[in-house]
Amino acid sequence: MKKLKSPGELAALQAEIRAGRDPKKPCITICAGTGCLAYGTQKIIECFRQEIDKQHLQDRVQLRTSGCHGFCERGPMVVIHPQKIFYQRIKAEDVPDIISKTVLAGEIIDRLSYVDPATKQKIVYEHDVPFYKRQTRYVLGMNGDIDPACIDDYLAIGGYSGLSKALSGMKPEAVIEEVKKANLRGRGGGGFPTGWKWESTRKAAGEPKYIICNADEGDPGAYMDRSLLEGNPHLVLEGMLIGAYAIGSSQGYIYVRNEYPLAVHNITLAIEKAREVGLLGENILGSGFSFDIKINRGGGAFVCGESSALFASIEGRSGEPRAKYVHATDQGLYNKPTNLNNVETWGNVPLIINRGADWYASIGTANSTGTKIFSLVGKINNTGLVEVPMGITLREIVYDIGGGIPNGRKFKAVQTGGPSGGCIPEQFLDMPVDFDELAKIGSMMGSGGMIVMDDRTCMVDVANYFLKFLEEESCGKCTPCREGVLQMRLILDRICEGQGKEEDINTLEWMGQAIIDGSLCALGGSAPNPVLTTIKYFRDEYEAHIKHKKCPAGVCKALITYSVDAEKCTGCHACARVCPTQAATGEKKKTHVVDLGKCIKCGACFEACKFDAIKIL
Amino acid sequence: MQAKIQAIISRYGSDKGFLVPILQDVQRELNYLPEDALVMVSTLLEIPLSRIFEVATFYKAFSLTPRGKHLLSLCLGTACHVRGAPLLSGHIERALGIRPGETSPDLEFTFETVNCLGACALGPVMVVDGEYHGQLTIAKTNAILRDLGRKVPSDEEA
């Protein structure tokens, strides 16, 4: 491919690609994000290739492997264009049918269509699926139209037009002004205004200036950054290019988790392609602006999502944060002015430049504009990635999009903001979700993980889970975080063991406050949040553990016992077969028993019983 | 070994800033980070061994001891946690006789827990030798262990 030398050449290339494509030609788009690949999608892709070859359809049918579509619950899935017929949970055996019936004859295969559990209606088209219908998918929605390995796909939908617009008609200051006017706030957690950060970095003394894309998505339960980087890497690159031009940077970095091999692969490929066509490198589109990007893989340390720890890691040192008397925008990476934004933030930038700040600011709420991608996971029917305008209520996300709680169980809480966030109880379901509202009730937006919990989730156990996580991930540099989190965890361990004392809740509260006040970085400063919010909203559960030695959710092993419901037990012996300690025993076809002396409470019998006969007390 | 390490370092243009990815590649090549390899990296990159050791022990991805033939990485992200991953962790510990982060003495298995694999729809999820296994139950875990040649409790009874 020859290098593009001007915005005009880019526009010509885009037009040429579009002209070479027949919009009526059937295209089978198959989701090949990490989630769907884990379901065994690779085999299905192979089957499609073989079937297309077998029927000699190479010229008539296109097969596109795309990034994550978002509806992970229903993978493996395909969308057949141009009609956008949606098939879910497909298997390799379904492939010949899909090609001969749907692609060639336009017939709908009922068994592969999605059935709305609420209305029992069969849904044929992707845009009619309630999960998608209620979303506003400006950023993530492109994933379905793009093969991440194919830069032409991105160019065909107008990719890099935002960059071209910035380079050809806008001064760097004007780009910053546009981003400020759009009121874009950082999607990584802090919600700091992006335009202000860019401006500070631009104005800071010192050369070179660096820009970094933070793809160290460490919050457990959040995977939107992975899906964007995997599914639409050129969007992130375009955002970074625009940012680099505005800030006056010629060197960028992408710091990405090593646990995301596919994201690393796709972004590496995208960078090579962009260099090939002259969208990265020297004198981009003939503008005189030069910029290139290096990729750094993380080493599996949560703290490296913190800006100064991330810089240390890129510099080849251990990821310890430092005190921030001086802002990163003045002295960041290698002590040079550095602008750090997260993947999703960069992904929003081309939209703002293409469609204008006024359009962008009209989405969402006054102080939280645009859309936000959440990963809706845990005890929820429709697990997946959800992009919604800021200000939507939690109830709409959990019930209208998420389809509610599985198995008819009762909603208890949503955990947002990862280990730095909090648990939000039912009473706030109608609260609008944006940066400020979440902060008001003691949680935070974080990177957008939303873990739904039902009545079988123990809030004390969840708080303990996060403390264990943070205890392990604390870099150990400052005492309040290193020792404080440990001490809080020991208290919670005791409570979960049934050894809690009356004064424990009080101790946790003041200790939590001390850690918040005394820690060096945001990891320590927010570490007590999961404990403090669960105490605030679920104090009764703590009291049940401490005073009555009971775990109402039936989770904390020391406080529960397994027993057999004689009326429900059919004597099928399934429990006895899986019991690792021979505690569950009985003759076949007779009521079984659990010997509490031998029982190690592993839960194997509970899981194995098909008749609900194992009770947790 | 020296040639391999030299090749890896050259790939990164001997840039000291790429110490973490360099060590990752060395580990991928050698299965773990033996002392000799760390000394070599230190000499070639002209970084003091103490700093290499600091980095190699700070990041979870690195192992200074040999790892097993099979690597089991169980996700303990929040979504997997609320869907019962801790029970599976206990089960695997008992079946393999090792704790998370350890390697079985016969060097067959390394069992580790990881924070989030970003495949939450499949929770609880475990990656076994690079292959994802989703919606895990104790029964499915037993099948995986059996495939890898390890006896599980119900086998003994049968």
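Fair warning: this is a prediction, and the values are worked out from it, not measured in the lab.

Across its full length, chain A holds 25 helices and 19 strands. Taken against the 2.2 N^0.38 rule, which gives 25 Å for 617 residues, the C-alpha radius of gyration of chain A at 26 Å falls within 12% of a compact globule. With the C-alpha coordinates aligned to their principal axes, the bounding extent of chain A is approximately 80 × 65 × 40 Å. When burial is assessed residue by residue, chain A has 61% of its 617 residues classed as buried. Excluding contacts between residues fewer than 6 apart, the proportion of contacts in chain A whose partners are at least 24 apart in sequence is 70%. Within the structure as shown, chain A displays about 23,100 Å² of accessible surface, and the carbon and sulfur contribution to it stands at 50%. For chain A, the distance from the average position of its 73 positive side-chain charges to the average position of its 73 negative side-chain charges is 2 Å.

Residues and elements named next belong to chain A. Two elements in contact, helix 18 (residues 459–473) and helix 23 (residues 539–547), have axes whose closest approach is 8 Å; the angle formed by their N-to-C orientations is 95°. By the angle between their directions, the pair helix 18 and helix 23 is classed as roughly perpendicular. Contacts from M459, V460 and A463 of helix 18 reach helix 23 at E541, Y542 and H545. Residue classes in the contact of helix 18 with helix 23 are distributed as four nonpolar, one polar and one charged.

With that settled, the discussion passes to the interface of chain A and chain B. The partner chain B presents 43 residues to the 60 residues of chain A that form the contact. Buried surface at the junction of chain A and chain B, both sides included, amounts to about 4,200 Å², of which 55% is carbon and sulfur. The salt bridge involving E473 of chain A is made with K60 of chain B; its shortest N-O contact spans 2.9 Å. The interface formed by chain A and chain B includes 24 residue pairs in polar contact (both at pLDDT 80 or more).

All names here are of chain A. Ordered in space as 2-1-3-4, the four strands form an open sheet in which the pairing is mixed. At either end of the open sheet lies a strand with only one pairing partner, and these are strand 2 (62–66) and strand 4 (85–87). Strand after strand, the sheet turns through a mean of 20° between neighbouring axes, direction not considered. Two elements, strand 1 (residues 27–31) and strand 3 (residues 78–81), share four bridges in a ladder whose sense is antiparallel. Directly across from I28, in strand 3, lies its bridge partner I80. Sitting on the sheet, helix 4 (residues 95–105) touches strand 1, strand 3 and strand 4, and the angle it makes with strand 3 is about 35°.

What follows covers the pattern of salt bridges. Residues and elements named next belong to chain A. Counted according to the given criterion, the structure contains 45 salt bridges over all chains. A salt bridge links D504 to R494, with the nearest nitrogen and oxygen atoms 2.6 Å apart. With a gap of ten residues between them, D504 in helix 20 (residues 504–518) and R494 in helix 19 (residues 479–496) connect regions that are remote in the sequence. When its relative accessible area of 3% is taken as the criterion, D504 is described as buried. With a relative accessible area of 26%, R494 lands in the partly exposed category.

Turning to helix 3 (residues 35–45) of chain B, a few remarks are in order. Within an α-helix, residues lying three or four positions from one another point in the same direction, as the helix has 3.6 residues per turn. Residues and elements named next belong to chain B. If you check which residues of helix 3 are buried, you get A37, L38, M40, V41, S42 and L45. Looking at the buried positions of helix 3, the neighbouring elements they touch are helix 1 (2–11), helix 2 (19–30) and helix 4 (49–58). Phi for E46, located one or two positions after helix 3, is positive at around 55°.

Further remarks concern the packing of aromatic side chains. One pair of aromatic rings is described through two measures. These are the centre distance and the angle between the planes. Residue and element names in this part refer to chain A. Tallied over the entire structure, the rule returns 20 aromatic pairs over all chains. Residues F71 and Y114 carry aromatic rings whose centres are separated by 5.5 Å and whose planes lie at 75° to one another, so their mutual orientation is edge-to-face. With F71 in the loop between strand 2 and strand 3 and Y114 in strand 5 (residues 114–115), the pair connects residues that are 43 residues apart, well separated along the chain. Neither residue differs from the other here; F71 and Y114 are each classed as buried. When the centroid spacing of 5.0 Å and the interplanar angle of 65° are considered together, the rings of Y465 and F466 count as edge-to-face. Of the two residues, Y465 and F466, neither departs from the other in class, the shared state being buried. Put simply, the rings of F71, F86, Y114, F131 and Y132 touch in pairs and so form one group of aromatic residues. One Lys or Arg, R226, reaches over the ring of Y260 and ends 5.9 Å from the middle of that ring. Looking at R257, its charged tip hangs above the ring of Y260, at a distance of 4.9 Å from the centre.

What follows concerns the domain arrangement of chain A. As assigned here, chain A comprises domain 1 (25–135), domain 2 (159–171 + 188–353), domain 3 (371–454), domain 4 (459–547) and domain 5 (561–616). For domain 1 of chain A versus domain 5 of chain A, the separation of C-alpha centres amounts to 42 Å.

As a further point, take the side chain of D225 of chain A. Residues and elements named next belong to chain A. Tracing the sequence through the fold places D225 in helix 10 (residues 224–231). This buried residue, D225, is left without a salt bridge; K372 holds the nearest opposite charge, at 6.1 Å. Residue contacts for D225: discarding those within four places in its chain leaves N214, E217, N342, V343 and E344.

On to the nonpolar core, then. Residues and elements named next belong to chain A. Of all hydrophobic cores here, the largest spans 123 residues; its most connected members are Y160, V175, W198, L237, I254, L279 and F291. Residue contributions to this core peak at ten residues, all from helix 11 (residues 233–247). Not counting residues up to four positions away in its chain, the partners in contact with Y160 are L10, I151, Y154, L155, H234, L237, E238, L241, A274 and L279. Residues A328, C481, M488 and C605 belong to the second largest nonpolar core, which totals 82 residues.

Here we take up the packing of helix 11 of chain A against helix 14 (residues 343–355) of chain A. Residues and elements named next belong to chain A. Running from N to C, helix 11 and helix 14 cross one another at 75°; their axes reach a closest spacing of 7 Å. As summarised for this structure, helix 11 and helix 14 are arranged roughly perpendicular, according to the angle between their axes. Listed contacts from helix 14 to L235, V236, E238, G239, M240, I242 and G243 of helix 11 are V343, W346, G347, V349, P350 and I353.

As a further point, take helix 20 of chain A. Residues and elements named next belong to chain A. Helix length check: helix 20, at 15 residues, gives a terminal C-alpha distance of 21 Å against a target of 21 Å (1.5 Å per residue), a fit within 8%. Burial in helix 20 covers these residues: D504, I505, T507, L508, M511, G512 and I515. Relative to the axis of helix 20, the buried residues are bounded by an arc of 150° and lie together on one face. Helix 20 presents W510 and D517 as exposed residues on the side facing more than 90 degrees away from its buried surface. Looking at the buried residues of helix 20, the elements they touch are helix 19, helix 21 (522–526), helix 22 (529–537) and helix 23.

Definitions and limits used
Residues numbered from 1 in each chain as written. Chains lettered and ligands numbered in written order. Predicted model: local features only at pLDDT ≥ 70, side-chain atom pairs only at ≥ 80, totals over all residues. Heavy atoms only, no water. Helix = DSSP H or I, 4+ residues; strand = E, 2+ residues; numbered from the N terminus. Rg over C-alpha atoms; globule rule 2.2 N^0.38 Å. Buried < 20%, exposed > 50% of the residue type's maximum accessible area, 1.4 Å probe, protein only. Contact = heavy atoms within 4.5 Å. Areas by Shrake-Rupley, 256 points an atom, 1.4 Å probe, with all protein chains shown as cover. Lys, Arg positive; Asp, Glu negative; His and termini not counted. Charge placed at Lys NZ, Arg CZ, Asp CG, Glu CD. Axes fitted to C-alpha atoms, helices over the stretch in contact; angles between N-to-C directions. Parallel < 35°, antiparallel > 145°, perpendicular 65-115°, else oblique. Nonpolar A, V, L, I, M, F, W, Y, C, P; charged D, E, K, R; others polar. Buried area = accessible area lost by both parts, 1.4 Å probe. Salt bridge = Lys/Arg side-chain N within 4 Å of Asp/Glu carboxyl O. Polar contact = N/O pair within 3.5 Å; in protein donor to acceptor, adjacent residues only side chain to side chain. Pairing = 2+ DSSP bridges. Phe/Tyr/Trp six-rings, centres within 6.5 Å; stacked < 30°, edge-to-face > 60°. Lys NZ or Arg CZ within 6 Å of the ring centre and 35° of its normal. Domains from an automatic or database assignment. Core = buried A, V, L, I, M, F, W, Y, C linked by side-chain atoms within 4.5 Å. Expected span 1.5 Å × (residues − 1). Arc of directions from axis to C-beta.

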